[in-house]
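Observations on chain architecture
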Amino acid sequence: MTDSLPTGERRQLAPPLIERGALGWMRRNLFSSWANGIITVVLVVFVGSILSSFLEWAVFTANVTAATGSECHGQGACWALIVEKYRLIFFGTFPYEQQWRPLVASITLLAMLVMTSDRRMWNWRLLVIWSVGSFITFLMMFGQIHIPLSLFLAIALLVGGVGMSLRKAIADAGEMNAYRTLAAIGLIGLALRIAGILPAWSLDIAPLSYVETGLWGGIPVTLILASYGLVFAFPYGILLALGRRSDLPLIRALCVGFIELIRGVPLISLLIMASVMLPLFLPSGVTFDKFLRAQVAIILFAGAYIAEVIRGGLQSLPKGQYEAAEALGFNYVQKTALIILPQALRVVIPPLINTFLGFFKDTSLVLIIGIFDFLNTANQALVDPNWAGFPAEIYMFAALIYFIFCYSVSRYSKHLEVELNRGTRH
Amino acid sequence: MAVEAFGSAPRVKVAPWNDPVVRGWVFQIVVVGLVAALAWYLIGNTLDNLNRQKIASGFDYLGREAGFEIGDTMISYSPASTYARAIWVGILNTLRVAVLGIILSTILGTLVGIGRLSPNWLLSKICEWYVEAFRNVPLLLWLFLFYKLIVEAFPGPRQAISAFWNSVFLSNRGLYFPVPVADPIHKWMGVGLLAGIIGAIALHRWAKKRQEATGQPFPSISAGVVVVIGTPALVWFAGGAPTTMSWPALKGFNFEGGTVIQPEFTALLVGLVLYTSAFVAEIVRSGILALHKGQSEAAAALGLSRGQSMRLVLLPQALRVIVPPMTSQYLNITKNSSLAIAIGYPDLVASINVTINQTGQAIENILLIMAAYLSVSLSISAFMNWYNRRIALTER
């Protein structure tokens, strides 16, 4: 029996033609049953006809070179409009010869975001990246920067205070003394400044002509509103989330009230409030830049949503972590900053990025109160009577830009989710 | 003895500035004091500013004549109506678009979410790209695109596209179609519809009870449909079956008669539904994926049909995962409907914005907006939480 089995050349039969290669793939994925086959055919016809007429419009009969809108009529897509207006769409009404400045600012902002996405940078380097990047961005946008003395004093107080509470019983005497000195300089200096004894000195850097925020527009505005919305809303959201989880009843009530109030109303009502109500809140004579008002509204709005995401992370930590930190003799600041937050934040990074995407898209609402973000400058490109009647081209172009940004960020968030769970994956 | 000593362990005496309870209260009083001081300062400034700018305060303006037109109203309204009426029109418009948006985006989102799980590669890819395309672009951009497309791509009223033997007209002024002329019987038909719905729910409960007691099934769903449709139909027959219709017809530059779905409303609804359904699709998909495969196999092994296993076994379990995130999507639709102001649909925010511009009373009006949205949001949350508790897993 055994020697009847061929031992030498064993012929391996390939699977039948219909089961392998492209045919096999189609059979498995497109025609696995009668119903599936019908769905496939209907979809191919339907999508094919839409796609072919879209390509006909967007590619084959499109006009890229027309000099005015009237040359475009009766044809396909008028991409010539984009060619004509791209500077307006990207940079708004920023002085035309100076538009290299918003370009540099946008590239800086994007570079900051890309560098921030690298996990190797998630330490003191972030602080450096954002300080240097912000300096370049605002120097480019404003053209001139005046840093008041009180800002340096406030930073000294902040660094000293945080160092004193975080490094308590960890740092040696020399380091502690350095923090104490910093905090003391900041505190005394600020007190003297408020009392009016110290003069209103400021560091002036003015290499370029000044451009006020009312002339800003386009990509840099959208990027600034979203990025700085996140930068300021993040620590604020952490405080709100900690407050909501606090044992102190009054603090908890304040935080719950604030979070639920903000989450219960639309962003538009906050923006309208920032544009018509905020001026009433301030003493007469004090004015407040419209751009800054919108930025404040976005920070307040984003803070409430970020707080809820972070609360999810805080709730996912087992109680033992809190108890272990207390058993080690950590005070509240040390326990929170060294034990709790590093673990809680790690869990919520992917949902936080999705929240960021949400309000990146929501920054487009500022056009309601007359700020020229990217969507609003795209709208402005439609106003020109020479180019009337091509809304689809402009909006599709703007949609493409938004899509590229949001899609890459959401891919990054998915990638990060896998990366961060690598240690705990089953 | 030992237990007693343990229970009443003497508190360690600490200095008050080291006692966590004392520290906690001091900290809280300081924070609340700061917040109160800030509020006091802001309110003081505000009163000052209002005095100087001679802006009245209080809600007296609500009773005054509004004086502005509203293009799309569900209840009778004219510029001679009061501000209160104008704001009420806005609230109704917000609710109309929010309710329709919630229903339609749930349906579309569920279809797309199930489509993404289809074994058909083409269908699942198309659904995937649908989701990616809509949720990665701001809603406001979609609204502008749809609105401009409707207004610029459709012909004017004189060249309107007509269908169904010149009874339905589609133009850049909206979709005109015939409606029955108002008749007192319509009110009673509404009452009949309500009674029908209550009757159908009662019938369903009775059928369920009977099946649990005797094992005999009753087609309560098809019977329910008959009851819900039949009751108002009976009322209509009893009222003499009025069939007079109001037909739209071209008069001058626009249509008269019939009723109209306006382009602003259409653009807003289409934008909201397409955008939100992309998020709903992801929620539905993750809800279904969260179920173990054994559930559908067990249902099949028990001899349930595919429809039965979906309705009785799979859906109730998937809903537990789906309902909480769905609640926040419903809240989002309601809040996002405020983008209406950008394309000129007269919703609550739009009405109030005009009111602010005319009266200058920003604070009262913004309080009104917040109160209105908060009450709508809280009612949706309350309803969804009630529903969530009902479908939640009942454990020992």
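Residues numbered from 1 in each chain as written. Chains lettered and ligands numbered in written order. Predicted model: local features only at pLDDT ≥ 70, side-chain atom pairs only at ≥ 80, totals over all residues.

This part takes up the overall build of chain B. Looking only at helices and strands, one finds 13 helices and eight strands in chain B. The C-alpha radius of gyration computed for chain B amounts to 28 Å, which surpasses the reference 21 Å derived for 396 residues by more than 25%, pointing to a less compact arrangement than a globule. Counting only C-alpha atoms, chain B reaches 95 × 80 × 50 Å along its principal axes. Counting all 396 residues of chain B, 29% fall into the buried class. Sequence-distant contacts in chain B: of pairs separated by 6 or more residues, those separated by 24 or more amount to 67%. (Helix = DSSP H or I, 4+ residues; strand = E, 2+ residues; numbered from the N terminus. Rg over C-alpha atoms; globule rule 2.2 N^0.38 Å. Buried ≥ 20, exposed ≤ 12 C-beta atoms within 10 Å, placed from the backbone. Contact = placed C-beta atoms within 7 Å.)

All right, on to the overall build of chain A then. Looking only at helices and strands, chain A has 16 helices and two strands in total. Relative to the compact-globule value of 22 Å for 426 residues, chain A shows a C-alpha radius of gyration of 29 Å, a clear excess of over 25%. Projected onto the principal axes, the alpha-carbon positions of chain A cover approximately 95 × 80 × 40 Å. Sorting the 426 residues of chain A into buried and exposed places 29% on the buried side. Within chain A, counting contacts between residues at least 6 apart in sequence, those at least 24 apart form 68% of the total.

Let's shift gears to the domain arrangement of chain A. By domain assignment, chain A separates into domain 1 (99–144), domain 2 (145–205) and domain 3 (219–371). Computed over C-alpha atoms, the centres of domain 1 of chain A and domain 2 of chain A are 25 Å apart. (Domains from an automatic or database assignment.)

Turning to the nonpolar core, a few remarks are in order. Counting 144 residues, the largest nonpolar core has A:Leu271, B:Leu141, B:Leu143 and B:Leu268 as the members making the most contacts within it. The element that contributes the greatest number of residues to this core is helix H8 (residues 263–289) of chain B, accounting for 14 residues. With near-sequence residues (within four places) excluded, B:Leu143 lies in contact with B:Ala267, B:Leu268, B:Gly271, B:Leu339, B:Ala342 and B:Ile343. (Core = buried A, V, L, I, M, F, W, Y, C linked by C-beta atoms within 7 Å.)

Here we come to the interface of chain A and chain B. Taken together, the contact pairs 42 residues of chain A with 47 residues of chain B. Residue assignment for the side of chain A that touches chain B shows that the elements contributing at least two residues are helix H2 (34–60), helix H9 (249–264), helix H10 (267–276), helix H11 (278–281) and helix H16 (391–420) of chain A. Looking at the side of chain A that touches chain B element by element, the count peaks at ten residues for H16(A). Among the residues making up the side of chain A that touches chain B, the classes are represented as 31 nonpolar, ten polar and one charged. (Nonpolar A, V, L, I, M, F, W, Y, C, P; charged D, E, K, R; others polar.)

Residue and element names in this part refer to chain B. Where helix H5 (residues 139–153) contacts H8, the two axes come as close as 9 Å, and the packing angle between them is 140°. If you check the angle between H5 and H8, you find them oblique. Every pair of crossing elements has a handedness; the one defined by H5 and H8 is right-handed. Each of Leu139, Trp142, Leu143, Phe146, Tyr147, Ile150 and Val151 in H5 lies in contact with H8, whose residues at this interface are Pro263, Glu264, Thr266, Ala267, Leu268, Val270, Gly271, Leu274 and Tyr275. Residue composition of the contact of H5 with H8, grouped by class: 13 nonpolar, two polar and one charged. (Axes fitted to C-alpha atoms, helices over the stretch in contact; angles between N-to-C directions. Parallel < 35°, antiparallel > 145°, perpendicular 65-115°, else oblique. Left-handed = near helix turned anticlockwise from the far one by under 90°.)

On to the sheet that holds strand E3 (residues 174–177) of chain B, then. Residues and elements named next belong to chain B. Within the open sheet, the four strands sit side by side as E1-E2-E3-E8. Their pairing is antiparallel. The sheet terminates laterally at strand E1 (161–163) and strand E8 (259–261), the two strands that pair on one side only. Sheet twist, expressed as the average angle between the axes of neighbouring strands with direction ignored, equals 20°. The sheet contact formed by strand E2 (residues 168–171) and E3 spans three bridges and is antiparallel. Looking at E3, one finds that leucine 170 is bridged to leucine 175. (Pairing = 2+ DSSP bridges.)

Here B:Arg158 lies in the loop between H5 and E1. The sequence separation of B:Arg158 and B:Met370 amounts to 212 residues, and the corresponding C-alpha distance is 43 Å.

Two numbers describe a pair of packed helices, the interaxial angle and the distance between the axes. Residues and elements named next belong to chain A. Interaxial distance between helix H14 (residues 332–362) and H16 falls to 9 Å at its minimum, and their mutual angle equals 175°. As summarised for this structure, H14 and H16 are arranged roughly antiparallel, according to the angle between their axes. Contact with H14, carried on its side by Arg346, Ile349, Pro350, Ile353, Asn354, Leu357, Phe360 and Lys361, involves Cys406, Val409, Ser410, Ser413, Leu416, Glu417 and Leu420 of H16 and no other residues of that element. Across the contact of H14 with H16, the residue classes break down as nine nonpolar, three polar and three charged.

Annotation of chain B at the domain level lists domain 1 (2–53), domain 2 (83–151 + 262–391) and domain 3 (182–243). In this structure, domain 1 of chain B and domain 3 of chain B have C-alpha centres spaced 59 Å apart.

Once that is clear, we can look at the confidence of the model for chain B. Residue and element names in this part refer to chain B. Chain-level statistics for chain B give a pLDDT mean of 84 and a share of 96% at 70 or above. Looking at the elements of chain B, mean pLDDT is at its lowest for helix H1 (residues 2–7), recorded as 47, and at its highest for helix H4 (residues 121–135), recorded as 92. Across residues 1–7, where pLDDT falls below 50, the model places zero contacts with residues more than four positions away in sequence or in other chains. In the predicted complex, the global pTM is 0.85; the interface-specific ipTM is 0.86. (pLDDT = per-residue confidence, 0-100.)

All names here are of chain B. Linking E2 to E3, which pair antiparallel, is a turn of two residues. In terms of strand pairing, E3 meets E8 through three bridges, oriented antiparallel. Within E8, the position partnered with tyrosine 176 by the bridge is valine 260.

So, about the environment of B:Ser124. Here B:Ser124 lies in helix H4. For B:Ser124 and B:Ile114, which are ten residues apart along the polypeptide, the C-alpha to C-alpha distance reads 8.7 Å.

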